[in-house]
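Residue-level listing of the chains:
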Amino acid sequence: MNPHAKLISSSSLALGTTIVITSNHWAMTWAGLEINTLAIIPMISKSHHPRAIEASVKYFLVQAIASATILLSSTINAWSTGQWDITQLTNHTSCLLLTTAIAMKLGLVPFHFWFPEVLQGSSLTTALLLSTLIKLPPLTILLITSNSLNPALLTTLALISTALGGWMGLNQTQTRKIMAFSSISHLGWMTLIIIYMPKLTMLTFCLYTLLTSSIFLTLNTSSATKLSTVMTSWMKNPPLNATLMLTLLSLAGLPPLTGFLPKWLIIQELTKQEMTLTALIAALLSLLNLFFYLRLTYYSTITLPPNTTNYMKHWYLDKTSFSSIALLTSLSALLLPISPTISAMF
């Protein structure tokens, strides 16, 4: 991509996210979401591959429908209440439409079909943006309006997303699709607790962003887009694969790694809210995610290829991103002991 085009897209992405986070007016929020959509499309289609073009068209259509639904929801609410303030969402129809639109934006079940396909058609760095930064504006809107939304509907969407994210990830062989279903499952955990403890949702999102960034940067360094490529990437950099194992296990939520912290706090809060059955179902469904994370870990660090490979062996690796990967991996594995400090911050 042209450096000037990349600068404009990156700046627009930051601007759109900032507008959504800081605005209280529905029109400004909608404008920020549109800026985000238009900024990320050139990044998705930059390779000019047919799959990338298809992914960008799918992303545009889904986001356009979701943005139109948000605009319709805010208009109905303004017609009913006479206000365009985000926090004054009182109309029942508007709440239902907004829940649908945000679920489409985030990729929650049953509006998740576009997300794995778009990630598969994007590069690993663009897939990282789609899994983390692009999720922040709609999650912020959900956070602000959560008190007005239907708790039973959000809990149902969250549990189904957690279940289907784990179930659909079991049979995948493409790393980007595995990370897509992982994202759907984690968004289910965030949505599950958003009404009862919004700050915990933001903590979960921050830690998820940290872990996912570490995994995507590691996969990008070794150019691993399939499980078969992951299996042979140990020849390029064995220490990098060892740290990938720790990050994957952390994302699975195994103690004593960082990823255990949000699941632990969410289950604890759900138990306090007398939702023990919901907490039990979510904990059991997380075992599905654990299976495909363990499979990815097994492929990356334990399995040796059964025969000689046709992959070109790199005699030199670009080490410019190693320092950031080292920092992110350290944080991904070692933050649990300071969990009281992190909890106090949020």
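Just so it is clear, the structure is predicted and the values come from calculations on it, not from any experiment.

Let's shift gears to the side chain of Ser300. As for its placement among the helices and strands, Ser300 is situated in helix α14 (residues 276–302). A polar contact of 3.1 Å, which involves the side chain of Ser300, links it to the backbone oxygen of Thr297. Setting aside residues up to four positions removed in sequence, Ser300 forms contacts with Val230, Trp234, Asn241 and Leu244.

Let us now look at the domain arrangement of the protein chain. The domains assigned to the protein chain are domain 1 (1–139) and domain 2 (150–307 + 319–345). For domain 1 and domain 2, the distance between their C-alpha centres works out to 23 Å. Counting from both sides, the interface comprises 24 residues of domain 1 and, opposite them, 31 residues of domain 2. In total, domain 1 and domain 2 occlude about 2400 Å² of area from one another, counting both sides; carbon and sulfur atoms represent 78% of this. Between the two partners, domain 1 and domain 2, sit one salt bridge.

Its 32 residues place the ends of helix α3 (residues 50–81) 46 Å apart at the C-alpha level, agreeing with the 46 Å of an ideal helix rising 1.5 Å per residue. Trailing α3 by a residue or two, Gly82 shows a phi angle of about 80 degrees, which is positive.

One pass over the full model with this rule turns up four aromatic pairs. Plain terms: the ring middles of Phe292 and Tyr293 are 4.9 Å apart, the flat faces sit at 50 degrees to each other, and that makes the pair tilted. For the residue pair Phe292 and Tyr293, the accessibility class agrees, reading buried in each case. Taken together, Tyr59, Trp114 and Phe115 form an aromatic cluster joined through their ring pairs. Here the guanidinium or amino end of Lys135 rests over the ring plane of Phe115, the centre of that ring lying 3.8 Å away. Just above the ring of Trp189 sits the side chain of Lys263; from NZ or CZ to the centre is 5.4 Å.

Right, let's get into the UniProt feature "transmembrane region" (unreviewed entry) in the protein chain. Per the UniProt annotation, the sites labelled "transmembrane region" (unreviewed entry) are residues 57–76, 96–115, 152–171, 178–196, 202–219, 240–257, 277–296 and 316–338. Taken end to end, residues 57–76 comprises 100% helix and 0% strand; its first and last C-alpha atoms sit 29 Å apart. As a span, residues 202–219 carries 100% helix and 0% strand, and end to end its C-alpha atoms are 25 Å apart.

The subject of this paragraph is the environment of Pro110. Structurally, Pro110 can be placed in the loop between α4 (92–106) and α5 (114–120). A relative accessible area of 42% places Pro110 in the partly exposed class. Measuring from C-alpha to C-alpha, the distance between Pro110 and Leu157 comes to 7.9 Å, with 47 residues separating the pair along the chain.

Our focus in this paragraph is unusual backbone geometry. Val109 connects to Pro110 through a cis peptide bond whose omega is 5 degrees. A cis amide bond links Pro255 to the next residue, Pro256, at an omega of 5 degrees. Mapped onto the fold, Pro256 is located in the loop between α12 (238–252) and α13 (260–272). Even without a glycine there, the phi angle at His48 is positive, about 60 degrees. Mapped onto the fold, His48 is located in the loop between α2 (26–44) and α3. A positive phi angle, close to 60 degrees, is found at Glu274, a residue other than glycine.

What counts and how
Residues numbered from 1 in each chain as written. Predicted model: local features only at pLDDT ≥ 70, side-chain atom pairs only at ≥ 80, totals over all residues. Heavy atoms only, no water. Helix = DSSP H or I, 4+ residues; strand = E, 2+ residues; numbered from the N terminus. Polar contact = N/O pair within 3.5 Å; in protein donor to acceptor, adjacent residues only side chain to side chain. Contact = heavy atoms within 4.5 Å. Domains from an automatic or database assignment. Buried area = accessible area lost by both parts, 1.4 Å probe. Salt bridge = Lys/Arg side-chain N within 4 Å of Asp/Glu carboxyl O. Expected span 1.5 Å × (residues − 1). Phe/Tyr/Trp six-rings, centres within 6.5 Å; stacked < 30°, edge-to-face > 60°. Buried < 20%, exposed > 50% of the residue type's maximum accessible area, 1.4 Å probe, protein only. Lys NZ or Arg CZ within 6 Å of the ring centre and 35° of its normal. UniProt positions renumbered as here; feature names shortened; annotations may be inferred.

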